[in-house]
Amino acid sequence: MSEKKQKYSASSIQVLKGLEPVRKRPGMYIGTTDVRGLHHLVWEVVDNSIDEAMAGHCDRIMLSINEDGSLTVADNGRGIPVDKHKATGISALETVLTVLHAGGKFGGDASGYKVSGGLHGVGVSVVNALSTKIVAEIRREGKVYRQEYKVGVAQGKIEVVGETKSTGTSITFWPDKSVFETIEFDMQTIITRCRQQAYLTKGVTIAIEDKRKGRYEGKIAGDNTHKYAFYFEGGVQSYVSHLNQNKEAIADVIYIEKDVPECKIEIAMQYTHAYNENIITFANNIHTTEGGMHLTGFRSALTRSINNYARSKGFLKDKDDNMTTEDVREGLTAVISVKLGDPQFEGQTKSKLGNPEVRSAVESAFNEKLTEYLGENPNDAKAIMAKGMLASRARLASRAARDTVLRKGALEGMTLPGKLADCTSRDPAVSELYIVEGDSAGGSAKQGRDRFTQAILPLRGKILNVEQARLDRMLGNNEIKALIIALGTGIGETFDLERIRYKRVVIMTDADVDGAHIRTLLLTLFYRYFKPMIEAGYLYIAQPPLYKVSKGKKSEYAFSDDAKEKILEEWGIPLDDSSESGEATENDTALGGADNQGEEGEISEMEGKPTKKTRVNIQRYKGLGEMNPDQLWETTMDPERRSMFKVKVEDAEMADAIFDTLMGSEVLPRRKFIQTHAKKVKNLDI
Ligand code: 0RA
C-alpha cells in the first residue's frame, strides 16, 4: 500500500469515527427518523444557503427534488472554499461535510459568517452521515469543483470539472433508506417551509421544483403545479399580509426593522376583525413555537402602548381599568423575527427563546414604534382602541356565561355523555377515543371496534353551524361539551393533561368537503384549547381508504389515488381501461356479459378461455357510512393494519388559517377556498 493511500484511509477512518454517533443515534441529531427527520436533512442544507443569503452574499436558492429521489440545494453565494487550510490540511468544504458542528462555527472570524441557525445548526456533516451519497459542486474563482462522498467519506479529492463565471454552492444528497422510515420528500412540506424562510429573508428568491415523474399527471386542475418560486420584498410585512389575506383588516400593517446591539429586530403586525390571535415568532429564522423572550417583550410593549394611548386620548376614563393582554390580543396577527449571535433555545422542544436581553430590546424598540405609529395615524389608532375596548367589555359581560363552561368544576360534576360508547379499559395508555362524524358511521365504528380499548363518540354534523361565531361560544354546544367531558382533562384554567382518559384521540371524518370542514374545526378546537395534548402526541387523524379495488376474488384497499393506480398497475390493468364505479357496490366479481354496462374496466384473460373477461371494480368510498363494521375495522381501526396521521403543532398554523377561511365572516374567500382546495383538504395530512 502506498503511503498516500494509507494516509487517505486513515483519515477516512477518522471521519467515520467522527460521524459514527450520528449513524448510531440519528435521533439525537435530527430528532426523529420518520418523515420529519428526513426533511430535517433538507432544512440543514437549505439553512446553510440561507445563512449565506443573510450575510448578504446570495440572493437565489434553488431546491430540486430530482427524478431519482435525491435532493439538490443550489445557491449563488460565494461558494464554500475548496483550498486546503494551511494548519489542518483539509479544505473548508471537507470540514463542513465531515466534521460535526463545523457548519455554524465555521469562520466565526473573517468569513463574515455571523448569524446562523443555532437550533438546526448540527451541520451538513449530519446530512452526509445519513446519506448514501453526496455530490458537492462549488463554483468559485472561475472554476467548477466537484467532490463526491459516500456515507460520510470522501471518494477522492476535489476535482476541477469545468470553468464558470459564476459562484455558488450546490449540494445533492441521497438519504439513506436504511436510516429513514421513508425517503420520499414531500413537496407540500418543503413548499411551506421555503415560503416561510423566504418571508424571513427578504429579497431572496427560493425556487422549488419537483422533477419526479408521474406525480402531477392526471390530477385535478390546479393541482398539477410542481414549480414554485418565493420572493418577498416586504419580508415579514408580506408574511402578515399573507396570513390576513382572507380577513378584514381594521388598520394598516405596522412594520418595524431595527438593529440594536443585542439583536436585529423585525416585526410586522396588523389588526383584523377576527377574534383570534395569530402571532408567529422566530429567532434566527427558526420558528420558536414555544415563544420566549421576544414574544414576552412584544406583548408588554403592545399592552403598555395601547393603554397609554387610550388614557392620553380619553378612550379610557379614570374609572376604567386598563385593557388586559387578552383584550389587545383579539384579531391581532403578528410576525416577530429576531436575529442574534448566541441564541439560547429552551423549553420542552427547544423552541423557546431564552435570552433575557432580547425581551427588553424588543420591548423598548416596539413600544417606541407603536407609540409613534398611533400618534401619527389617529384613524387606525381609533379603530384599534375600539377593538380592544370592545373585547374588554365582551370579556366582562361574557365572563359569567363562559364561566359556566370553563369555570372550575363546571364540567366535573357532569357524567359521561350518553352518546359515548366507552371502552372497558380504564388505562389511558391503551385507551383510544374515536371522534366519528355522523351517527351512522358512529354505529359502524361501535360495532367494528375493539371494545376493550376503543371508545366511540359520534358527533353530529350540526356543530358545523358555527360560522361567524367565536370558538368560545362553541364550548356551550352540547356536542363539544360531550367531547370535553369524555376527554376528562377539563378546559381553560382547570385543564390538566394528567387527567386525560385516552392517550390516543382519533378524528375520523368522511373524505369529502363536510368531513374536511368538521376536521378543521376539531383541529382548531384542539389547537386553541388542548394544545398540550397535541404537543404530547395524543391527537391523530384516521386515514380511511378512498377505494376498494376488486377483481375476481381478490380485492385491495387504496388510501390514495396513487395507491389505487399502483394496484391497477400491479394487476396489469391499463390505467384508462379502468373506471370508477360512482356508487358503492358490493360486487366483488362481475363476469363479462351482455347485461354488464361498460362502466367498469375490462381486461381479457388469455389463458384457456379467451372470451372470458374479468371485471375490475373500483369502489370509491365517499363516506365512512358506506363501509360496514368489518371493513371499517380492518382498514381504519385495527391497530395492526391501520395507518394514522399524528397531528403536529406546526400544522396548527395551517388549520388555524383554514379555520378562519372556513368560518370567517367573509363568504367569498370561503367559497373560493372550498372550491379550489376541496381535494387538498380531503387529503389534508395533518
Ligand atoms: C464560509 C466561508 C465562505 C463561504 C461559505 C462558508 C459558504 C457556505 C455555504 C453553505 C451553503 N452555501 C454556502 N455558501 C458559502 C466563503 C468565504 C470567502 O469566499 O471569503
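Structure shown above.
Residues numbered from 1 in each chain as written. Predicted model: local features only at pLDDT ≥ 70, side-chain atom pairs only at ≥ 80, totals over all residues. Heavy atoms only, no water.

Notes on helix α7 (residues 187–200)
Counted at 1.5 Å a residue, the expected span for α7 with its 14 residues is 20 Å, and the 20 Å between its end C-alpha atoms agrees. Across the 14 residues of α7, ten count as buried, placing the element largely inside the fold. Where α7 is concerned, the buried positions are Met187, Ile190, Ile191, Arg193, Cys194, Gln196, Gln197, Ala198, Tyr199 and Leu200. (Helix = DSSP H or I, 4+ residues; strand = E, 2+ residues; numbered from the N terminus. Expected span 1.5 Å × (residues − 1). Buried < 20%, exposed > 50% of the residue type's maximum accessible area, 1.4 Å probe, protein only.)

Brief notes about helix α15 (residues 513–529)
Since one α-helical turn is 3.6 residues long, residues separated by three or four positions face the same way. Between its terminal C-alpha atoms α15 stretches 24 Å, which fits the 24 Å expected from 17 residues at 1.5 Å a residue. Of all 17 residues in α15, 13 are buried; the element is thus mostly enclosed.

What about the pairing of strand β12 (residues 278–283)?
By the criterion of burial, β12 is predominantly enclosed, with six of the six residues buried. Because side chains alternate across β12, one face comprises the buried residues Asn278, Ile280 and Phe282, and the other comprises Ile279, Thr281 and Ala283, equally buried. One ladder, built from six bridges, connects β12 with strand β14 (residues 332–339); its direction is parallel. Residue pairing in the sheet places Ala283 in a bridge with Val338 of β14. One ladder, built from two bridges, connects β12 with strand β13 (residues 286–287); its direction is antiparallel. Following the sheet pairing, Ala283 is matched in β13 by Ile286. Taken together, β12 and the strand that follows it, β13, pair antiparallel across an intervening segment of two residues, in which Asn284 is found at a positive phi of about 50 degrees. (Pairing = 2+ DSSP bridges.)

Some points on the environment of Gly142
Mapped onto the fold, Gly142 is located in the loop between β3 (131–140) and β4 (143–150). Here Gly142 falls in the partly exposed class, since its relative accessible area comes to 34%. The spacing of Gly142 and Ser166 is 24 residues in sequence and 7.1 Å in space, taken between C-alpha atoms. Among all residues touching Gly142, those that are not within four sequence positions of it are Gly162, Glu163 and Thr164. (Contact = heavy atoms within 4.5 Å.)

Section: the packing of α7 against helix α8 (residues 236–243)
Interhelical geometry of α7 versus α8 gives an angle of 135 degrees and a closest axis separation of 7 Å. Classified by the angle between their axes, α7 and α8 sit oblique to one another. Residues Arg195, Gln196, Tyr199 and Leu200 of α7 lie in contact with α8, whose contacting residues are Val236, Ser238, Tyr239 and His242. (Axes fitted to C-alpha atoms, helices over the stretch in contact; angles between N-to-C directions. Parallel < 35°, antiparallel > 145°, perpendicular 65-115°, else oblique.)

Quick word on the side chain of Asp210
Counting through the fold element by element, Asp210 comes out in strand β8 (residues 205–210). Asp210 gets classed as buried once you look at its relative accessible area, which sits at 2%. Here the side chain of Asp210 touches Arg212 through a polar contact of 2.9 Å, side chain to side chain. (Polar contact = N/O pair within 3.5 Å; in protein donor to acceptor, adjacent residues only side chain to side chain.)

Section: the nonpolar core
Leu63, Phe173 and Ile190 are the most contacted members of the largest nonpolar core, which has 65 residues in total. Among the elements that take part in this core, helix α3 (residues 35–54) stands out by supplying eight residues, more than any other. What Ile190 contacts, discounting residues up to four positions off in sequence, is His39, Trp43, Leu63, Ile65, Leu71, Phe185 and Ile208. Ile265, Ile286, Leu332 and Met385 belong to the second largest nonpolar core, which has 41 residues in total. (Core = buried A, V, L, I, M, F, W, Y, C linked by side-chain atoms within 4.5 Å.)

Overview of the packing of aromatic side chains
Under the criterion given, the structure shown has ten aromatic pairs. An angle of 85 degrees between the planes, with centres 5.9 Å apart, marks the rings of Phe173 and Phe185 as edge-to-face. Taken together, the positions of Phe173 in strand β7 (residues 168–175) and Phe185 in the loop between β7 and α7 put the pair twelve residues apart, joining distant regions of the chain. The same class applies to Phe173 as to Phe185, namely buried. Note on Tyr309 and Phe315: the rings are 6.3 Å apart at their centroids and 25 degrees apart in plane angle, and the pair reads as stacked. An aromatic cluster is present here, built from Tyr199, Tyr228, Phe230, Phe232, Tyr239 and Phe282 joined pairwise through their rings. The lysine or arginine in question, Lys133, covers the ring of Trp174, its NZ or CZ lying 4.4 Å from the ring centre. (Phe/Tyr/Trp six-rings, centres within 6.5 Å; stacked < 30°, edge-to-face > 60°. Lys NZ or Arg CZ within 6 Å of the ring centre and 35° of its normal.)

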